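Read off the chains here:
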Amino acid sequence: MPGLDGDKILVTGALGQIGTELVEALRDKYGASSVIASDIRSDEHNNAINNGPYATLDVLDTDSIIKICKDEGIGTVYHLAALLSATGEQNPELCRKVNVGGTISVLEAARECSLRIFTPSSIAVFGPDAPKHAPQITDLNPTTVYGETKVKGELLAKEYWDDYGIDVRGIRYPGLISYKAPAGGGTTDYAVEIFEAALKDGYYNCFVRPDTRLPMLYMDDAIRATLMLMDAQSGTLGPSKAGYNIDCYSFTAEELAHAISKEIDGFKCDFSPDIRQKYADSWPDSIDGSVAKEEWNWSPNFDLDKMVKEMLNGLSKEH
Ligand SMILES: NC(=O)c1ccc[n+]([C@@H]2O[C@H](COP(=O)([O-])OP(=O)(O)OC[C@H]3O[C@@H](n4cnc5c(N)ncnc54)[C@H](O)[C@@H]3O)[C@@H](O)[C@H]2O)c1
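Residues numbered from 1 in each chain as written. Predicted model: local features only at pLDDT ≥ 70, side-chain atom pairs only at ≥ 80, totals over all residues.

1. Some points on the overall build of the protein
- Along the backbone of the protein there are 12 helices and 15 strands.
- Here the C-alpha atoms of the protein give a radius of gyration of 19 Å, agreeing with the 20 Å that 2.2 N^0.38 yields for 319 residues.
- If one aligns the C-alpha atoms of the protein with their principal axes, the spans along those axes are about 55 × 45 × 40 Å.
- Per-residue burial for the protein yields a buried fraction of 51% across its 319 residues.
- Within the protein, counting contacts between residues at least 6 apart in sequence, those at least 24 apart form 77% of the total. (Helix = DSSP H or I, 4+ residues; strand = E, 2+ residues; numbered from the N terminus. Rg over C-alpha atoms; globule rule 2.2 N^0.38 Å. Buried ≥ 20, exposed ≤ 12 C-beta atoms within 10 Å, placed from the backbone. Contact = placed C-beta atoms within 7 Å.)

Here it is in structure tokens:
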């Protein structure tokens, strides 16, 4: 299996919120020299660049992806490069180009170089007509461009698996909460920013309403889920493999603020919804992860209170 028998791993979009931690976890597991981090930009402070091989790579450049895969003996690609929901809605053309075009580039490289692929989906695939506790299988009618690109990503993954036998897997990540790299312009960024603001200012002005309930996951769990899915035997995976719902935790913005105020005396949070409220309102409150549980045994370790403690400890140490 690539990543285990000597084939190397390429991570696209490696300097982002997920890539920063996924590269670290992959290097711990397979050795630093086996994991090539890549991104379109540079960041001298990011360990993905400092602790192992790094390449500048635009995911729209299929030839360069194929070249690096051939030159380096890549067997698996974790394809994280994308524009997130809030940034994507401000620039829909670029969002379609990078999210759909980039995925096609990576899938074409997979055909040419026999790669296994991990490409994340999102809870943004669901639209307002989906049940508020979203099942694995339901109509996917997102009202954001970002959500459309994620539905397209799942369809492309299925097409390449069915038509060309490419092993493409994905998780519909919920909002991810972490402190090692900044959140990348998504609608759930408030659930990350609030911690930094609480520690620094004792105050946060949240950009969604207090009753906004969304599915969320602490980054440690997200990374563990990603590695578990990629380690699963392909025979155990059913037709949802390109976009698994996974069990996670759902809480409102007000419940999050309350959990933080139990740890930080005097913390105060106001709520001033902006355009991102509309995107949040179009998504489910919670998701049903029973298929992922059944097929590859997923369940999260972190609930709201445990995650809040970890975030505050981690951020305090960083400063
Ligand atoms: N973070 C979340 O809460 C979340 C939730 C659901 C799904 N996801 C998905 O997970 C994946 C990674 O998300 P993230 O939070 O790490 O995003 P991020 O915005 O933090 O990082 C994305 C990275 O992609 C890079 N990038 C952009 N255009 C590129 C290009 N043309 N070529 C190469 N690199 C390019 C950016 O420089 C950035 O470092 C995305 O597919 C995203 O849709 C994330």
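2. Side note on the nonpolar core
- Formed by 99 residues in total, the largest nonpolar core has its most connected members in Val11, Ala37, Ile177 and Ile194.
- If near-sequence neighbours (up to four positions away) are discounted, Ile177 is found in contact with Ala191, Val192, Met216, Tyr218, Met219, Met307 and Met311. (Core = buried A, V, L, I, M, F, W, Y, C linked by C-beta atoms within 7 Å.)

3. Topic: the environment of Gly16
- Inspection of the secondary structure puts Gly16 in the loop between strand S1 (8-12) and helix H1 (17-30).
- Look at Gly16 and you get buried, because 25 C-beta atoms sit within 10 Å.
- Sequence-distant contacts of Gly16, that is, excluding residues within four places in its chain, are made with Leu80, Ala181 and Gly184.

4. Concerning the sheet that holds strand S2 (residues 35-39)
- The parallel open sheet is built from six strands, whose spatial order is S3-S2-S1-S4-S5-S8. Unpaired on one side and paired on the other, strand S3 (54-56) and strand S8 (168-169) mark the two borders of the sheet.
- Sheet topology note: the S1/S2 ladder contains three bridges and is parallel. Within S2, the position partnered with Val11 by the bridge is Ala37. (Pairing = 2+ DSSP bridges.)

5. Describing the sheet that holds strand S13 (residues 249-252)
- Read from one edge to the other, the open sheet built from three strands follows the order S10-S12-S13, with strand pairing classed as mixed. Lying at the two open borders of the sheet, with one neighbouring strand each, are strand S10 (175-177) and S13. When strand polarity is set aside, the average angle formed by the axes of neighbouring strands in this sheet is 45°.
- Across three bridges, the pairing between S10 and strand S12 (residues 213-218) is parallel. (Axes fitted to C-alpha atoms, helices over the stretch in contact; angles between N-to-C directions.)

6. Some thoughts on the environment of Thr62
- Inspection of the secondary structure puts Thr62 in helix H3 (residues 62-72).
- On the neighbour-count criterion, Thr62 (18 C-beta atoms within 10 Å) is partly exposed.
- Linking Thr62 and Ser105, residues 43 residues apart in sequence, is a C-alpha distance of 4.8 Å.
- Look past the residues within four positions of Thr62 in its chain and what remains in contact with it is Ser105, Glu108 and Ala109.

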